[in-house]
Amino acid sequence: MAKQYIGIKRVWYADAIASIAGASLSGAEIKALIDNAATKEVKNVHQDTWGYAEDDPTIAEYRNQLTGKIYYRDVEQEGAATISFTMGEYEYSDKAALQGGTATTTGWDRPAIKENISKCIIAQTKTGNYIAFPNASIIGKGNFTDKNIGLGVTAVAMETGVTGLSAEVWRDKSEVETVPAG
């Protein structure tokens with residue numbers, strides 16, 4: 001049966017994944033991450049600011065100089081996969097986790113030097129399926145949208161450095177949400 005990955009309805013973030021049990025990130029591991037108290041669900045995304053995109057790859061075309069026609073195309077670099085969203089309501093701790101800096105209960109201070117931030121990002125589609133970036137490079141910034149200063153987040157899938165763990169994992173709803181019998 002064809003799988004549908006339509007829109008995004010839920011997003012979570014956690015520390016980047018440092019190890020996995022099997023050959024790939026399983027649905028059970030994604031479920032365990034979502035259920036982990038250290039994983040934070042994004043509770044408010046402003047309007048239609050969230051989405052998934054994949055850039056076109058960089059391609060070199062080789063042309064026959066006699067005919068002017070392309071005889072070979074070489075994919076030189078894959079396009080970047082990105083999940084982006086703007087949080088309309090957030091805590092200072094979210095701002096520090098996703099933008100860097102220091103948070104208190106009553107405020108946030110920008111870091112003196114831009115920090116490299118890596119997180120695991122999990123998105124659930126409107127059709128219930130899951131997309132995970134086990135190690136995403138995070139760029140957080142103030143994002144002015146519809147008179148609201150939201151926390152804009154761009155997460156780009158990166159190599160994980162973990163044997164067998166892909167930079168981007170798609171899992172069927174049935175694999176993630178299956179409850180063991182017992």
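None of the values given here were measured: they were computed from a predicted structure.

A. View of unusual backbone geometry. In this structure, K147 takes a positive phi of about 65 degrees despite not being glycine. Summarising the element assignment, K147 is placed in the loop between β10 (130–145) and β11 (148–157). For K147, a relative accessible area of 78% puts it in the exposed group.

B. Seen up close, helix α2 (residues 92–99). Residues of α2 that are buried: D94, K95, A96, L98 and Q99. G100, located one to two residues past α2, shows a positive phi value of around 90 degrees.

C. Spatial organisation of the side chain of N129. With respect to the helices and strands, N129 occurs in the loop between β9 (117–124) and β10. For N129, a relative accessible area of 5% translates into the label buried. A polar contact of 2.8 Å, which involves the side chain of N129, links it to the backbone nitrogen of K173. Leave out the neighbours within four places in its chain, and N129 touches Q4, Y5, A123, Q124, R171, D172 and K173.

D. Focus on the pattern of salt bridges. The full count for this structure, using the stated rule, is eight salt bridges. Between E41 and R10 there is a salt bridge, with the nearest N and O atoms lying 2.9 Å from each other. Taken together, the residues E41 in strand β2 (residues 40–42) and R10 in strand β1 (residues 10–15) connect sequence positions 31 residues apart. The residue E61 makes a salt bridge to R73 at a minimum N-O spacing of 3.1 Å. Of this pair, E61 sits in strand β4 (residues 58–63) while R73 is found in strand β5 (residues 70–77), placing the two residues 12 residues apart along the sequence. Overall, the relative accessible area of 37% leaves E61 in the partly exposed class.

Basis of the calculations
- Residues numbered from 1 in each chain as written.
- Predicted model: local features only at pLDDT ≥ 70, side-chain atom pairs only at ≥ 80, totals over all residues.
- Heavy atoms only, no water.
- Helix = DSSP H or I, 4+ residues; strand = E, 2+ residues; numbered from the N terminus.
- Buried < 20%, exposed > 50% of the residue type's maximum accessible area, 1.4 Å probe, protein only.
- Polar contact = N/O pair within 3.5 Å; in protein donor to acceptor, adjacent residues only side chain to side chain.
- Contact = heavy atoms within 4.5 Å.
- Salt bridge = Lys/Arg side-chain N within 4 Å of Asp/Glu carboxyl O.

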